[in-house]
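# Coordinate inspection notes
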Amino acid sequence: MKLLPGRPQLFALGEPAHGEETLLELRNELFRQLVEQEGYRTIAIESDCMRGLVVDDHVTTGLGTLDEVMEHGLSHGWGTSAANRELVRWMRAYNDGRPASDQLRFAGFDGPLEITGAASPRQALTALHGYLAARVDAALLPCTGETLDRLLGTDGGWTDPAAMTDPAQSVGQSTEAGELRLLADDLVALLDAQTPHLLAATSRDDWDRARLYGRTATGLLRYHHWMADTSPARMTRLCALRDLMMAHNLLAVAARGPALVHAHNSHLQREKSTMQMWEGPVEWWSAGALASAQLGEGYAFVATALGTIRHHGVGTPPPDTVEGLLYTFPEDRCVIDARRLAATLGDTRPALRVSPWFGYSSLDPAHLADTDGIVFVKDVPQM
């Protein structure tokens, strides 16, 4: 925190590789410190925002068993992680007996999608419609629930994995999908237009969830529309739309109070993200870049860099890389002032480390000055 001008609304801790328990345990330790010493009350992770509601209900009210929550509340396979399980268990224990205003909250901030496909908009769209139907004049609703159900059809058409590599398999530009985009837009507009009434008639949490339903429904329909695109910019649009959904969710989390955010470095960095896809290279603005542009000093990004991951063939880093320089330090873990390091190196820019394992993204020395800090973990053991 001493590296920052003040307490940021979003403290973003990036990781350069997914699935390493050591990094998740480090995240847990940082969150506990931010809770106990800095007043943070929310953690947001790179997981399905709709599923995250299951975890949030559990840690705040005790709803569901821990096993059920780990199975249904996390996406990307995160539910099998021992560190994630410990995080949820600790948050529930911390909240037990505390007033709602002092409780810890959990959020997934990814959309219900991944590189391999996207969910049906059914859950979000019908939840938004149901929330409004119970609270506003029926004459104001743009459609009935039956109309939504008819237009949505079967979920299999939306979730067909073949649509990711073959736009012709996507239903995203069908007549029904076009009608759903308009109806989703009208439902979100009605939600916004009825804000004073809805806040008087329901809790702030329920209204926040309805807004999440709206963001998710419109985001998914937009994403599915561009899955059916055949232009060369198709994958660039899809990657950008995913991070845009992430950014909207992060800004909603920030509006609730200071939060720790944890995701891959590429989703949280301030510079453009890049990836080599089967259709060629793509680049887009990350969720962190979008959130930082709006929050200014209210957004902080600390990247994690690693020395070795020997169980994945990542050995001692070359001495002319940033990781190689940091590997000479005696500590197993340390925090580095990235901007000071960049100034010290001056024109002597280290080489970019080439990882032998696709799952580890090395630190780009060209962007040190755009990073608030570096957490360096010398060796990541197999667990």
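Residues numbered from 1 in each chain as written. Predicted model: local features only at pLDDT ≥ 70, side-chain atom pairs only at ≥ 80, totals over all residues. Heavy atoms only, no water.

Looking up the protein in an unreviewed UniProt entry gives the name Erythromycin esterase, with the organism given as Streptomyces shenzhenensis.

## Brief notes about helix α1 (residues 21-38)
Given a rise of 1.5 Å per residue, 18 residues ought to cover 26 Å, and the 25 Å separating the end C-alpha atoms of α1 matches this to within 8%. Immediately downstream of α1, the backbone of glycine 39 shows phi near 80 degrees, a positive value. (Helix = DSSP H or I, 4+ residues; strand = E, 2+ residues; numbered from the N terminus. Expected span 1.5 Å × (residues − 1).)

## Some words on the packing of aromatic side chains
Evaluation of the coordinates by the stated rule reveals three aromatic pairs. A centroid spacing of 6.1 Å and a plane angle of 80 degrees characterise the contact between phenylalanine 31 and tryptophan 90, whose relative ring orientation is edge-to-face. Of this pair, phenylalanine 31 sits in helix α1 while tryptophan 90 sits in helix α4 (residues 82-95), placing them 59 residues apart in sequence. In terms of burial, phenylalanine 31 and tryptophan 90 fall into one category: buried. Judged by centre distance (6.1 Å) and plane angle (65 degrees), the rings of tryptophan 357 and phenylalanine 358 are edge-to-face. The exposure class of tryptophan 357 is buried, given its relative accessible area of 15%. An aromatic cluster of three or more residues is present, and its members are Phe31, Trp90 and Tyr94. In this arrangement the basic side chain of arginine 98 is found over the ring face of tyrosine 94, its NZ or CZ atom lying 3.7 Å from the centre. Against the face of tryptophan 226 rests arginine 237, its NZ or CZ located 3.9 Å from the ring centre. (Phe/Tyr/Trp six-rings, centres within 6.5 Å; stacked < 30°, edge-to-face > 60°. Buried < 20%, exposed > 50% of the residue type's maximum accessible area, 1.4 Å probe, protein only. Lys NZ or Arg CZ within 6 Å of the ring centre and 35° of its normal.)

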